Amino acid sequence: MNEHNKRINIESELNRANDALKAAELLAQNDLCNDAVSKLYYVLLYCVRALLLLKGIEARSHEGALRMFGLHFIRKGLIEVSYSHIFSKMMKYREEADYNPHYYFTREDYAEYKKEVDEFSEMVSTYLKNAGFR
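Colleague: So what about the overall build of the protein? Which residues, and what values?
Modeller: Of the regular secondary structure elements, the protein holds 5 helices and 0 strands. Ordering the α and β elements of the protein from the N terminus gives α-α-α-α-α. By the compact-globule yardstick of 14 Å for 134 residues, the protein fits well, its C-alpha radius of gyration being 15 Å. In the protein, which comprises 134 residues, the share counted as buried stands at 44%.

Colleague: Describe helix α1 (residues 3–29), listing the residues and the values that go with them.
Modeller: Here α1 spans 39 Å end to end across 27 residues, near enough to the 39 Å set by a 1.5 Å rise per residue. Listed in full, the buried residues belonging to α1 are K6, I10, E13, L14, A17, A20, A24 and A28. Summarising the contacts, the buried residues of α1 are in contact with α2 (33–54) and α5 (107–130).

Colleague: Outline the packing of aromatic side chains, supporting the account with residue identities and numerical values.
Modeller: Applying the stated criterion across every chain, the model contains 12 aromatic pairs. Aromatic pair F69 and F87: ring centres 6.2 Å apart, planes at 85 degrees, arrangement edge-to-face. Linking F69 in helix α3 (residues 62–74) with F87 in helix α4 (residues 81–99), this pair joins segments that are 18 residues apart in sequence. Each member of the pair, F69 as well as F87, is classed as buried. Counting every residue linked through ring pairs, the aromatic cluster contains Y41, Y42, Y46, F69, F73, Y83, F87, F120 and Y127. The ring of F133 carries R7 above its face, with NZ or CZ at 4.3 Å from the centroid.

Colleague: Residue-level account of the pattern of salt bridges, with values.
Modeller: Evaluation of the coordinates by the stated rule reveals 8 salt bridges. A salt bridge links E13 to R16, with the shortest nitrogen-to-oxygen separation between them at 3.9 Å. In this pair, E13 and R16 both sit in helix α1, 3 residues apart, roughly one turn of the helix. On the accessibility criterion, E13 (8% relative accessible area) is buried. By relative accessible area, R16 is classed as partly exposed at 37%. Between E13 and R49 there is a salt bridge, with the nearest N and O atoms lying 3.1 Å from each other.

Colleague: Can you break down the environment of C33 residue by residue, with the values?
Modeller: Note that C33 resides in helix α2. The class for C33 is buried, based on a relative accessible area of 5%. Considering only alpha carbons, one finds C33 and Y99, 66 residues apart in sequence, at a separation of 14 Å.

Calculation notes
- Sequence order sets the numbering: in each chain, residues are counted from 1 along the sequence as written.
- Owing to the predicted nature of the model, reporting of local features is limited to residues with pLDDT of at least 70; listing and counting of side-chain atom pairs is limited to 80 or more, with chain, interface and lining totals taken over all residues.
- In computing side-chain properties, one takes all heavy atoms of the structure into account and sets aside hydrogens as well as water.
- Only runs of H or I of at least four residues qualify as helices and only runs of E of at least two qualify as strands under DSSP, and these elements are numbered from the N terminus.
- As defined in this context, the radius of gyration uses C-alpha atoms, and a globule is described by 2.2 Å times the residue total to the power 0.38.
- Under the scheme applied here, a residue whose accessible area is under 20% of the maximum for its type counts as buried, over 50% as exposed, and between as partly exposed, the area being computed with a 1.4 Å probe on protein chains only.
- The span one expects for a helix is its residue count, reduced by one, times 1.5 Å.
- Pairs of residues are marked as contacts when any of their non-hydrogen atoms sit within 4.5 Å.
- Stacked, edge-to-face and tilted are the three classes for Phe, Tyr and Trp ring pairs, Trp counted by its six-membered ring, which pair at centre distances within 6.5 Å; planes under 30 degrees apart are stacked, over 60 edge-to-face, the rest tilted.
- A ring is scored as having a charge over it whenever the NZ atom of a lysine or the CZ atom of an arginine sits within 6 Å of its centre and within 35 degrees of its normal.
- Salt bridges, as used here, are contacts in which a Lys or Arg side-chain nitrogen is within 4 Å of a carboxyl oxygen on Asp or Glu.

Written out as structure tokens, the structure reads:
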């Protein structure tokens, strides 16, 4: 992957994250909180994929994105471990939201998780800016 393609792919992932956040907001406003929580996870996934692309890494799965994020950013001390916890927690909640018919998230849950997602997104934006992107 050359530098030009890397930039294009990173921008694409960030655009996908923005779209997922807009969708999450619309879903939450319409009391579709499980779907909104699921979309919040995708905001993080796309942000993580953008970070991984910085290093020329393309994750092939959700678990792969989490593993590569931990290996290339958390373990190396480039990003605080708390962000890995946010990502893995939201991954679990996405699975509950999508696959557990007895699990219901509330608007309060959504508001709490959105704060963490906003913090994560801001961290990614700052990281990318410091790396010469954006």
